[in-house]
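Below, each chain spelled out in residue letters.
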Amino acid sequence: MDRIFLSPPHMSGKEQQYIAEVFESNYIAPLGAFVNRFEESIKAYTKVPYALALSSATAGLHLALRVLGIGAGDYVLTSSFTFIGSVSPILYQHANAIFIDSDESWNISPKLLKEAIVKAPKKPKALIITHLYGQVCKLDEIITICKEEGIYLIEDAAESLGATYHGKQSGTFGDMAVYSFNGNKILTTSGGGMLVSKNEEWIEKAKFLSTQAKEDYLHYEHKEFGYNYRMSNVLAAIGVAQMEVLESRVSRRREIFERYQKNLSQIDEIEFMPEIQNSRGSRWLMTLTFSKTNPQKIIELLEKENIESRPLWKPMHMQPLFKDAMVVENGQSEKYFTQGICLPSGSSMSNDTVDYICSILKAAL
Ligand SMILES: *Cc1c(COP(=O)(O)O)cnc(C)c1O
């Protein structure tokens, strides 16, 4: 049997046609009509006013920090339970991360966030939150805290494209936000990201920095340094084709999650990632925790059947890289990490495959 991956690319079928158009126009690189179209499609879908297509979401977060003026010696609050791409841009800017643990929603705890602000050695300038595995954070509480404290809010919506809170798209609540089109995300351009904001000036500045900070002269004039972070027209063509099927991709992921839930509901020791009130998650990965069984055993068992599964993200405050960083913790994300597992959830997966994986789990537990 073919290997069952966690979240493989799922093409719409239109990608090659659009790539052919790119080749016919010879706008292979760097920019071209599809980059604009891709940005327009994100704006139309999420209702965010400004968007910038980039080589990755990590690049987008780096630009967001730079545009907001976060630099050496500054403090940035951030979720501990996340992927490294959320937080390495803090290091690129020589700033200090303050890690905040999760609550029962798996996402950043607003209560610990307040505590972290009080305990910080210096007033933090920004907060990066991750909508983990596609579930939106408790945005009402988080936005209130950021407004009261005068802290910029940056949303890492890499995993939550298509997720909503009070009917509004994730990535449209903060000062700036990023979506990812990496290979295993809800949609993919093989690699890519999008930086979005309500603030036109910030997106214009980010665009300038993403294309080597070249001043507006015919010759190459530079007053500051930038990066080579812009997305190519070829990849944007894939993105345009992918955006056409976003809605169906999210609803399929949600169906898969529900099917797992129904199939495994009899197993007492399993707890699924919850979904907070007034929200609709993207259910990017199928995630659950075991109260008794060691997830490592299940991962090995599935591997024997050629099925990919993985532990949940290892919290940043447990990483050797951040052994000296400040953390406000309650043990919650560590518990998720030691007891949890991600199971295959790609939108191209069949119901039979879900049932097959569940039957292996049921036999083992
Ligand atoms: C994938 C991911 C990123 C990084 O996205 P890239 O486009 O690969 O840079 C950042 N944060 C989270 C939470 C992610 O899952």
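Because the structure is a prediction, the values reported are computed rather than measured. (Residues numbered from 1 in each chain as written. Predicted model: local features only at pLDDT ≥ 70, side-chain atom pairs only at ≥ 80, totals over all residues. Heavy atoms only, no water.)

Caption draft 1: How the structure looks around a nonpolar patch on the surface. Judged by side-chain polarity, Phe83, Ile84, Leu91, Tyr92 and Leu321 come together as a nonpolar surface patch covering roughly 430 Å² of accessible area. Position of isoleucine 84 relative to the elements: it lies in the loop between strand E2 (75-79) and helix H4 (88-92). (Patch = residues over 30% accessible without salt bridge, like charges linked within 9 Å, V, L, I, M, F, W, Y side chains within 5 Å. Areas by Shrake-Rupley, 256 points an atom, 1.4 Å probe, with all protein chains shown as cover. Salt bridge = Lys/Arg side-chain N within 4 Å of Asp/Glu carboxyl O. Helix = DSSP H or I, 4+ residues; strand = E, 2+ residues; numbered from the N terminus.)

Caption draft 2: Quick look at the site of the ligand. For the ligand, the set of nearby residues contains 15 residues, the closest of which are Thr58, Asp156, Glu159, Ser180 and Lys185. A distance of 2.8 Å separates an oxygen atom of the ligand from a polar backbone atom of alanine 57. Here an oxygen atom of the ligand and a side-chain polar atom of lysine 185 are 3.2 Å apart. Compared with its free state, where it exposes 380 Å², the ligand has 94% of that area covered by protein. Split by residue class, the shell around the ligand holds three nonpolar, nine polar and three charged. (Near = heavy atom within 4 Å. Polar contact = N/O pair within 3.5 Å; in protein donor to acceptor, adjacent residues only side chain to side chain. Nonpolar A, V, L, I, M, F, W, Y, C, P; charged D, E, K, R; others polar.)

Caption draft 3: Here's a closer look at the environment of phenylalanine 225. Relative to the helices and strands, phenylalanine 225 resides in the loop between helix H7 (200-210) and helix H8 (233-243). Sequence separation between phenylalanine 225 and phenylalanine 208 is 17 residues; the distance between their C-alpha atoms is 10.0 Å.

Caption draft 4: Looking closely at the domain arrangement of the chain. By domain assignment, the chain separates into domain 1 (15-243) and domain 2 (246-364). Contacts between the two partners involve 45 residues from domain 1, matched on the other side by 41 residues from domain 2. Buried area between domain 1 and domain 2, both sides added, is near 3800 Å², and the carbon and sulfur share of it is 66%. If you look at where domain 1 meets domain 2, you find zero salt bridges. If you look at where domain 1 meets domain 2, you find 24 residue pairs in polar contact (both at pLDDT 80 or more). Elements with a contribution of two residues or more to the side of domain 1 that touches domain 2: strand E3 (96-100), helix H5 (110-119), strand E6 (164-165) and H8. (Domains from an automatic or database assignment. Contact = heavy atoms within 4.5 Å. Buried area = accessible area lost by both parts, 1.4 Å probe.)

Caption draft 5: Layout of the nonpolar core. Core analysis: the biggest nonpolar cluster contains 64 residues, and Phe38, Ile42, Tyr133, Met194, Tyr260, Leu264 and Leu288 have the highest contact counts within it. Per-element tally for this core: the top contributor is H8, with seven residues. Lining this core are residues from two domains, each supplying at least three of them: domain 1 (15-243) and domain 2 (246-364). Setting aside residues no more than four positions away along its own chain, phenylalanine 38 makes contact with Ala53, Phe181, Thr189, Met194, Met231, Ala236, Gly239, Val240 and Met243. In this structure, Val67, Ala95, Ala213 and Phe322 belong to the second largest nonpolar core, which totals 32 residues. (Core = buried A, V, L, I, M, F, W, Y, C linked by side-chain atoms within 4.5 Å. Buried < 20%, exposed > 50% of the residue type's maximum accessible area, 1.4 Å probe, protein only.)

Caption draft 6: Molecular detail of the layout of surface pockets. Approximately 230 Å³ is the volume found for the largest pocket. Leu6, Asn184, Leu285, Arg310 and Trp313 are, among the 14 residues lining the largest pocket, the residues nearest its centre. Split by residue class, the lining of the largest pocket holds 10 nonpolar, two polar and two charged. (1 Å grid on protein atoms, 1.4 Å probe; cavity = no way out; pocket = protein on both sides within 12 Å on 5 of 7 lines; lining within 4 Å. Points joined across faces, edges and corners; volume = space filled by probe spheres on them.)

Caption draft 7: The sheet that holds strand E12 (residues 286-290), seen in detail. Taken in spatial order, the three strands line up as E10-E12-E14 in an open sheet, and their pairing is antiparallel. On the outer flanks of this sheet lie strand E10 (270-272) and strand E14 (340-343), each paired with one strand and no other. Put simply, the sheet's adjacent strands are angled 35 degrees from each other on average, direction ignored. Where E10 meets E12, three bridges bridge the pair, whose relative direction is antiparallel. What sits directly across from glutamate 271, in E12, is threonine 289. Packing of helix H11 (residues 332-339) onto the sheet brings it into contact with E12 and E14, and relative to E14 it is tilted by some 55 degrees. (Pairing = 2+ DSSP bridges. Axes fitted to C-alpha atoms, helices over the stretch in contact; angles between N-to-C directions.)

Caption draft 8: Highlighting the side chain of threonine 78. In this fold, threonine 78 is placed in strand E2. Among the polar contacts listed, one links the side chain of threonine 78 to the backbone oxygen of isoleucine 128, at a separation of 3.2 Å. When near neighbours in sequence (up to four residues on either side) are disregarded, threonine 78 contacts Val87, Ile90, Ala97, Ile98, Phe99, Ile100, Ile108, Leu127 and Ile128.

Caption draft 9: A look at the pattern of salt bridges. One pass over the full model with this rule turns up 16 salt bridges. Glutamate 40 serves as the salt-bridge partner of lysine 43, at 3.1 Å between the closest nitrogen and oxygen. Of this pair, lysine 43 and glutamate 40 both sit in helix H2 (residues 33-46), separated by three residues, roughly a single helical turn. When its relative accessible area of 21% is taken as the criterion, lysine 43 is described as partly exposed. Under the relative-accessibility criterion, glutamate 40 is labelled partly exposed at 47%. The salt bridge involving lysine 138 is made with aspartate 103; its shortest N-O contact spans 2.7 Å.

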